[in-house]
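Residues per chain, in single letters:
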Amino acid sequence: MGKLANLRASLQGSKLAQGILLIAFTLVTAGAVYLMDRSVTAFLLLLASLLLLYYTSFTNGIKWIIALVLLIIVIPFATSGGSSYESYMEVATQCGIYVAMALGLNIVVGFAGLLDMGFVAFFAVGAYTYGIFATGQANNFISGDLFPLSGGTFWIFILLGGFMAGIFGILLGLPVLRVKGDYLAIVTLGFGEIIRIIFNNLEKPVNITNGAMGLSSIQPPDLFGYDFTFPHQFYFIVIGILLIVIFAVRRLEHSRLGRSWKAVRENEIAAQSMGIPLIRTKLIAFAIGASFSGMMGVVFAAKQTFIDPTSFTLIESTTILVMVVLGGMGSVPGVILGASLVTILNLQVLTEVTNWLNQLSMQGIINVPTALSPSKMQRFIFGMILILVAIFRPNGLIAAKNRKIPKEVVTGDESSNSKTTTSALRKVRSE
């Protein structure tokens, strides 16, 4: 134990040692993914390099540069070595979509303290906003046979989907501002189900959403004649949007608006007495959080080329909320970690474990009942994980941290060294 403590202390005090460890870890895991035809373990370890980067003591600017290199160059190249390239990219793309949605919900739940159980409704609004006009469905209520629109309009619909979802977020916020706690959860849960039922039945008297049949053959995006149809192509679209979302959330967190959200979360009466407008502050939280979900809904519709109401059930809202709680409410890196873990568990780990157990059953080594397969027990597994996190990490895997402001910045002490004050200000702004 003493040697481990000394090694840890030496790593924490040396950026060079941290850099060497990060490079070695990344090269080994990337090489394993590239050389192996399919290895879930190697792929997870490669993604873990981003988590290892977070715990280094580099400056935020250097961390961003290294993260971009890992996301844009290392991960796509490492996964392209075998036949499972598209499978890896599908998992990474889904991770990015759910991370952006979880960050949006984190604004509502983590920053503003408003428990939203129907968040997937905004995801559905964004998906149908693009799906209706990217298919011939819009010809049913708009004359002229102008639809489907070309895939080039996808880039505009990313903004339109976010805008429409933001409008619905305000519409949700207006009637529920007077309720809080469990009642707010019940009302938002009902809102999510109402949106799903409306889309499920909006094929008459005018066929807008095609009802339970859903919308198929949605136009894929294209840019300068280049069509985006494969997961590895959508990966870069999702990464681009996700970087914008993370930057926006980080800026909002420490802005005046972000501090207002946290004040409302802690005590509404105290926040109002300090001059914070409750209605406007809550509505902005609903609108911004919903807009991120709506943008990813557009990407989801274009990637799947098919959507129907069954893609936007209460289970999806619960899953996104689990991501936020698991990672740490109010913690941006925690929510990113929680969303990634839950998505990878769903798409890869539980599926691979189920396939492995099925092979053992077919070989007669063990006999696992179908009802007890991990893929069917995922809600039970998530529940157990949440219980363990609540016991051992009650604030989430990466708890939210308040920004530390140096004393000389707060007091404005003129007697302190001006160079020290200037460097302290720069440090605060860079965090």
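Since we're looking at a predicted model, the values are computed, not measured. (Residues numbered from 1 in each chain as written. Predicted model: local features only at pLDDT ≥ 70, side-chain atom pairs only at ≥ 80, totals over all residues. Heavy atoms only, no water.)

### Section: the packing of aromatic side chains
For any two aromatic rings, the description comes down to two numbers: the centre-to-centre distance and the angle of the planes.
Item 1. Per the counting criterion, the structure on display carries 20 aromatic pairs.
Item 2. An angle of 55° between the planes, with centres 6.1 Å apart, marks the rings of Tyr 128 and Phe 312 as tilted. With a gap of 184 residues between them, Tyr 128 in helix H6 (residues 120-133) and Phe 312 in the loop between strand E4 (306-307) and helix H13 (314-327) connect regions that are remote in the sequence.
Item 3. Measuring from centroid to centroid gives 5.6 Å for Phe 133 and Phe 147, while their planes differ by 55°, and the two rings are tilted. Residue Phe 133 is located in helix H6, and its partner Phe 147 is located in the loop between H6 and helix H7 (154-176); the two are separated by 14 residues in the primary sequence. (Phe/Tyr/Trp six-rings, centres within 6.5 Å; stacked < 30°, edge-to-face > 60°. Helix = DSSP H or I, 4+ residues; strand = E, 2+ residues; numbered from the N terminus.)

### Let's talk about a nonpolar patch on the surface
Item 1. Side chains of Trp 64, Ile 65, Leu 68, Val 69, Ile 72, Ile 73 and Phe 236 sit close together on the surface and give an oily, nonpolar patch of about 600 Å² of accessible area.
Item 2. Per-element accounting of the nonpolar patch gives the leading share, six residues, to helix H4 (residues 60-79).
Item 3. In this structure, Leu 68 sits in helix H4. (Patch = residues over 30% accessible without salt bridge, like charges linked within 9 Å, V, L, I, M, F, W, Y side chains within 5 Å. Areas by Shrake-Rupley, 256 points an atom, 1.4 Å probe, with all protein chains shown as cover. Salt bridge = Lys/Arg side-chain N within 4 Å of Asp/Glu carboxyl O.)

### Comments concerning helix H5 (residues 85-111)
Item 1. Taking 1.5 Å of rise per residue, 27 residues should cover 39 Å, and H5 covers 37 Å from first to last C-alpha, within 8% of that figure.
Item 2. When the local axis directions of H5 are compared, the greatest deviation, roughly 35°, occurs at Leu 105.
Item 3. By the criterion of burial, H5 is predominantly enclosed, with 24 of the 27 residues buried.
Item 4. Once H5 finishes, Gly 113 follows within two positions and takes phi at roughly 70°, a positive value. (Expected span 1.5 Å × (residues − 1). Bend = angle between axes of the 7 residues up to and from the residue. Buried < 20%, exposed > 50% of the residue type's maximum accessible area, 1.4 Å probe, protein only.)

### Quick notes on the nonpolar core
Item 1. Grouped together as the largest cluster of nonpolar side chains are 80 residues, with contacts concentrated most on Leu 103, Ile 107, Tyr 130, Met 296, Val 299, Ile 307 and Phe 312.
Item 2. Excluding its chain neighbours within four sequence positions, the residues that come into contact with Met 296 are Gly 96, Ile 97, Ala 100, Met 101, Phe 123, Val 238, Ile 241 and Leu 242. (Core = buried A, V, L, I, M, F, W, Y, C linked by side-chain atoms within 4.5 Å. Contact = heavy atoms within 4.5 Å.)

### Here's the deal with the packing of H5 against helix H10 (residues 256-266)
Item 1. Between H5 and H10, the least distance of the axes is 8 Å, while the angle of their chain directions is 45°. As judged from the angle between their axes, H5 and H10 are oblique. Within the contact between the two elements, H5 uses Ile 107, Gly 110 and Phe 111 and H10 uses Trp 261, Lys 262 and Arg 265.
Item 2. Across the contact of H5 with H10, the residue classes tally to three nonpolar, one polar and two charged. (Axes fitted to C-alpha atoms, helices over the stretch in contact; angles between N-to-C directions. Parallel < 35°, antiparallel > 145°, perpendicular 65-115°, else oblique. Nonpolar A, V, L, I, M, F, W, Y, C, P; charged D, E, K, R; others polar.)

### A look at H6
Item 1. Helix length check: H6, at 14 residues, gives a terminal C-alpha distance of 21 Å against a target of 20 Å (1.5 Å per residue), a fit within 8%.
Item 2. With 13 of 14 residues buried, H6 lies mostly within the body of the structure.

### Comments concerning the packing of H5 against helix H12 (residues 278-304)
Item 1. Put simply, H5 and H12 touch, their axes get as near as 7 Å, and they point 160° apart. Considering the angle they form, H5 stands roughly antiparallel to H12. When the axes of H5 and H12 are compared, the crossing they make is left-handed. Where H5 approaches H12, its residues Glu 90, Thr 93, Gln 94, Gly 96, Ile 97, Ala 100, Met 101, Gly 104, Ile 107 and Val 108 are matched on the opposing element by Ala 285, Phe 286, Ile 288, Gly 289, Phe 292, Ser 293, Met 296, Val 299, Lys 303 and Gln 304.
Item 2. Considering only residue class, the contact of H5 with H12 consists of 11 nonpolar, seven polar and two charged. (Left-handed = near helix turned anticlockwise from the far one by under 90°.)

### As for the pattern of salt bridges
Item 1. Tallying each qualifying case throughout the model produces six salt bridges.
Item 2. Notably, a salt bridge pairs Glu 253 with Lys 262, separated by 3.7 Å at the nearest N-O pair.
Item 3. Close ionic contact of Glu 266 with Arg 265 constitutes a salt bridge, the shortest N to O distance being 3.0 Å.
Item 4. Relative accessible area serves as the criterion here: at 58%, Glu 266 is assigned to the exposed category.
Item 5. A network of salt bridges, in which partner residues are shared, links Arg 250, Glu 253 and Lys 262.

### Details of the environment of Met 377
Item 1. Summarising the element assignment, Met 377 is placed in the loop between helix H14 (332-362) and helix H15 (378-392).
Item 2. With 27 residues separating them along the chain, Met 377 and Leu 350 place their C-alpha atoms 9.0 Å apart.

### Brief notes about the environment of Arg 178
Item 1. Mapped onto the secondary structure, Arg 178 falls in the loop between H7 and helix H8 (182-201).
Item 2. When its relative accessible area of 83% is taken as the criterion, Arg 178 is described as exposed.
Item 3. Along the sequence, Arg 178 and Ile 279 sit 101 residues apart, while their C-alpha atoms lie 9.3 Å from each other.

### Focus on the side chain of Thr 56
Item 1. Structurally, Thr 56 can be placed in the loop between helix H3 (40-54) and H4.
Item 2. Since its relative accessible area comes to 10%, Thr 56 is described here as buried.
Item 3. Not counting residues within four places of it along the chain, the set of residues in contact with Thr 56 comprises Gln 18 and Lys 63.

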